Amino acid sequence: MGDVFKNIKGDKALWAVVALLGLFSFLPVYSASSNLVYVVGSGTPMGWLVKHAVLLLLGFGIIYGVHRIPTHFFKGLSLIAMPIVIVLLALTLAQGTTMEGANASRWIQLPFIGIKFQASTLAAVVLMIYVARYLTKIKDKTVRFQESILPLWIPVFLTVILILPANFSTAAIIFSMVLLLCFIGGYPIKYLMGIVGTGILCLTLFILVAKAFPDMFPNRVDTWTSRIESFWSPGDSEADYQIERAKIAIATGGIVGKGAGKSIQKNFLPQSSSDFIYAIIVEEYGLVGGFGLMLFYLFLLFRIVVIANGATTTFGKLLALGVGLPIIFQALINMAVAVELFPVTGQNLPLISSGGTSGWMTCLAIGIILSVSNKNLATEKETVDINSTNPLEVLSGQL
């Protein structure tokens with residue numbers, strides 16, 4: 001164990017805030033699991049707590065392993081992973097299944113090992129690395145839109161289109177983060193405006209086709225369109241049940257909350273251990289706990305920006321921002337949904353909510369950011385000897 005701690009590199013403040021968020025997650029997850037036990041009738045509170053502990057331990061294993069990888073290796077890895085992600089997304093869209101009664105058609109069961117996997121979360125990380133690689137490649141060059149369509153926008157639109165039918169919120173977040181990263185990376189604004197217009201046009205056509213031929217995407221498009229309509233509708237409906245319970249939980253939390261494990265609404269609020277866990281946190285720990293958690297995420301954002309600013313390469317800067325900003329954006333959206341500033345999206349609270357794939361991909365992103373912050377790895381030359389015996393090192397150096 002001592003050797004493990006000696007080999008921990010990178011930004012210590014980032015390690016600390018991630019560890020504190022992970023440790024704090026045990027309290028609300030254990031408390032909210034009573035909904036799954038006594039309402040849904042699944043497992044025991046201790047069983048859910050042990051499961052969360054195992055998933056979190058594996059997640060920190062991912063952080064530790066990934067943060068030891070030299071940053072420039074991710075260039076080559078993104079080229080290898082991008083086609084695999086596209087195939088996984090296509091398979092998920094074709095035969096996605098329901099996971100514990102929620103997130104229909106977002107999950108695919110991997111053959112032979114029987115593990116359910118949410119491909120969209122992996123796609124989000126891989127795509128941001130891929131875009132960062134491309135933006136690094138065109139730095140200080142005159143960009144022609146036609147030349148960027150195939151290497152940049154085709155993979156982006158393929159990824160978004162394959163995610164969109166089953167998971168509008170994730171598709172929208174990915175598309176927005178790609179546009180933001182391109183803006184930061186110096187991609188011409190006039191082209192970005194054209195891409196935004198194309199995206200809106202494609203979304204409109206998709207909705208029209210889905211409405212005209214409902215059998216093409218049964219129970220998929222209707223789910224997220226009804227959530228948006230419900231959000232803007234002045235009257236109450238069945239779709240408002242979750243958000244109404246979440247607001248009751250927040251309103252009854254007061255300044256300091258009811259205390260750990262004393263939430264009442266966790267017994268009535270669906271997805272209280274995942275999508276709406278922030279409402280349970282505010283109910284049990286009050287505004288102090290709610291604002292305190294928000295400050296942790298803002299500090300996480302601060303460290304991501306500091307790491308990106310201190311990166312020694314353009315790719316490192318864009319990579320840290322590309323995989324880091326979506327974590328903060330997702331956290332803010334989750335909190336905004338709980339207080340009805342946003343329609344229900346189904347986004348987890350990073351590093352806090354229960355769940356395997358989403359948490360692991362967040363840990364993957366954190367590991368990548370720590371790799372960028374690791375000065376010993378970041379200062380390694382990106383251009384390597386072509387005669388290297390390591391083909392992945394050659395590929396990452398040439399790209």
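Residues numbered from 1 in each chain as written. Predicted model: local features only at pLDDT ≥ 70, side-chain atom pairs only at ≥ 80, totals over all residues. Heavy atoms only, no water.

Caption draft 1: Representation of the overall build of the protein chain in the model. When its secondary structure is counted, the protein chain shows 15 helices and three strands. In the protein chain, which comprises 399 residues, the proportion classed as buried is 50%. For the protein chain, long-range pairs separated by at least 24 residues make up 72% of all intrachain contacts whose partners lie at least 6 apart in sequence. When the accessible surface of the protein chain is totalled, it reaches about 18,500 Å², and 68% of it is carbon and sulfur. (Helix = DSSP H or I, 4+ residues; strand = E, 2+ residues; numbered from the N terminus. Buried < 20%, exposed > 50% of the residue type's maximum accessible area, 1.4 Å probe, protein only. Contact = heavy atoms within 4.5 Å. Areas by Shrake-Rupley, 256 points an atom, 1.4 Å probe, with all protein chains shown as cover.)

Caption draft 2: Structural detail: the packing of helix H6 (residues 145-163) against helix H8 (residues 189-212). At a minimum axis distance of 13 Å, the contact between H6 and H8 shows a crossing angle of 40 degrees. Taken together, the axes of H6 and H8 lie oblique to each other. Note on packing geometry: the crossing formed by H6 with H8 is right-handed. Contacts between H6 and H8 pair Phe145, Trp153 and Phe157 from the former with Tyr191, Leu192, Ile195, Thr198 and Gly199 from the latter. Split into classes, the residues belonging to the contact of H6 with H8 amount to six nonpolar, two polar and no charged. (Axes fitted to C-alpha atoms, helices over the stretch in contact; angles between N-to-C directions. Parallel < 35°, antiparallel > 145°, perpendicular 65-115°, else oblique. Left-handed = near helix turned anticlockwise from the far one by under 90°. Nonpolar A, V, L, I, M, F, W, Y, C, P; charged D, E, K, R; others polar.)

Caption draft 3: Broad picture of the pattern of salt bridges. On inspection of all chains with the given rule, the structure shows five salt bridges. Between glutamate 244 and lysine 247 there is a salt bridge, with the nearest N and O atoms lying 3.5 Å from each other. With glutamate 244 and lysine 247 both in helix H10 (residues 241-253) and three residues apart, the pair spans about one turn of that helix. When its relative accessible area of 29% is taken as the criterion, glutamate 244 is described as partly exposed. Residue lysine 247 is joined to glutamate 340 by a salt bridge in which the shortest nitrogen-to-oxygen separation is 2.7 Å. With lysine 247 in helix H10 and glutamate 340 in the loop between helix H12 (314-338) and helix H13 (357-373), this residue pair connects regions lying 93 residues apart in the sequence. Look at lysine 247 and you get partly exposed, because its relative accessible area is 28%. By relative accessible area, glutamate 340 is classed as partly exposed at 27%. Each of Glu244, Lys247 and Glu340 takes part in salt bridges that share partners, so that together they form one network. (Salt bridge = Lys/Arg side-chain N within 4 Å of Asp/Glu carboxyl O.)

Caption draft 4: A look at the nonpolar core. Of all hydrophobic cores here, the largest spans 101 residues; its most connected members are Trp153, Tyr187, Leu300 and Leu349. Among the elements that take part in this core, H12 stands out by supplying 14 residues, more than any other. Those residues within four positions of leucine 349 in sequence are excluded, and the remaining contacts are Ser274, Ile277, Tyr278, Ile281, Leu293, Tyr297, Ala331, Asn334 and Met335. (Core = buried A, V, L, I, M, F, W, Y, C linked by side-chain atoms within 4.5 Å.)

Caption draft 5: Seen up close, the side chain of histidine 67. Mapped onto the fold, histidine 67 is located in the loop between helix H3 (45-66) and helix H4 (73-95). Looking at histidine 67, the relative accessible area reads 0%, which means it is buried. A polar contact of 2.9 Å, which involves the side chain of histidine 67, links it to the backbone nitrogen of lysine 9. (Polar contact = N/O pair within 3.5 Å; in protein donor to acceptor, adjacent residues only side chain to side chain.)

Caption draft 6: View of the packing of aromatic side chains. Counted under the stated rule, the structure contains six aromatic pairs. The side chain of lysine 75 reaches across the aromatic face of phenylalanine 315, ending 5.2 Å from its centre. (Phe/Tyr/Trp six-rings, centres within 6.5 Å; stacked < 30°, edge-to-face > 60°. Lys NZ or Arg CZ within 6 Å of the ring centre and 35° of its normal.)

Caption draft 7: Seen up close, the side chain of serine 33. The residue serine 33 is located in helix H2 (residues 12-39) in this model. From its side chain, serine 33 meets the backbone oxygen of tyrosine 30 in a polar contact 2.7 Å long. Not counting residues up to four positions away in its chain, the partners in contact with serine 33 are Pro45 and Trp48.

Caption draft 8: The arrangement of the confidence of the model for the protein chain in detail. On average, residues of the protein chain score 83 in pLDDT, and 80% of them are at 70 or above. The low-confidence segment residues 97-104, where pLDDT is below 50, has 15 contacts with residues more than four positions distant or belonging to other chains. Contacts for the low-pLDDT stretch residues 380-398, under 50 throughout, to residues beyond four places or in other chains number 30 contacts. (pLDDT = per-residue confidence, 0-100.)

Caption draft 9: How the structure looks around a nonpolar patch on the surface. Together, Tyr30, Met46, Val50, Val54 and Leu58 give the surface a local cluster of nonpolar side chains, amounting to about 460 Å² of exposed area. Looking at where leucine 58 falls in the secondary structure, it is placed in helix H3. Accessibility expressed as a relative area gives 46% for leucine 58, which makes it partly exposed. (Patch = residues over 30% accessible without salt bridge, like charges linked within 9 Å, V, L, I, M, F, W, Y side chains within 5 Å.)

Caption draft 10: Here's a closer look at the packing of helix H5 (residues 119-137) against H12. Taken N-terminus to C-terminus, the directions of H5 and H12 make an angle of 150 degrees; their axes are 9 Å apart at the nearest point. Classed by the angle they form, the pair H5 and H12 counts as roughly antiparallel. Note on packing geometry: the crossing formed by H5 with H12 is right-handed. Contacts from Val125, Met128, Ile129, Ala132, Arg133, Leu135 and Thr136 of H5 reach H12 at Thr314, Phe315, Leu318, Leu319, Gly322 and Val323. Its residues assigned to classes, the contact of H5 with H12 comprises nine nonpolar, three polar and one charged.

Caption draft 11: Structural context of the environment of glutamine 118. For glutamine 118, the location among the structural elements is in the loop between strand E3 (116-117) and H5. Residue class for glutamine 118 comes out buried when judged on its relative accessible area of 7%. Sequence-wise, glutamine 118 and leucine 88 are 30 residues apart; in three dimensions their C-alpha atoms are separated by 9.2 Å.

Caption draft 12: Fine view of the environment of leucine 364. Counting through the fold element by element, leucine 364 comes out in helix H13. Given a relative accessible area of 18%, leucine 364 falls into the buried group. In contact with leucine 364, other than residues within four places in its own chain, are Ile62, Val66, Leu122 and Val125.

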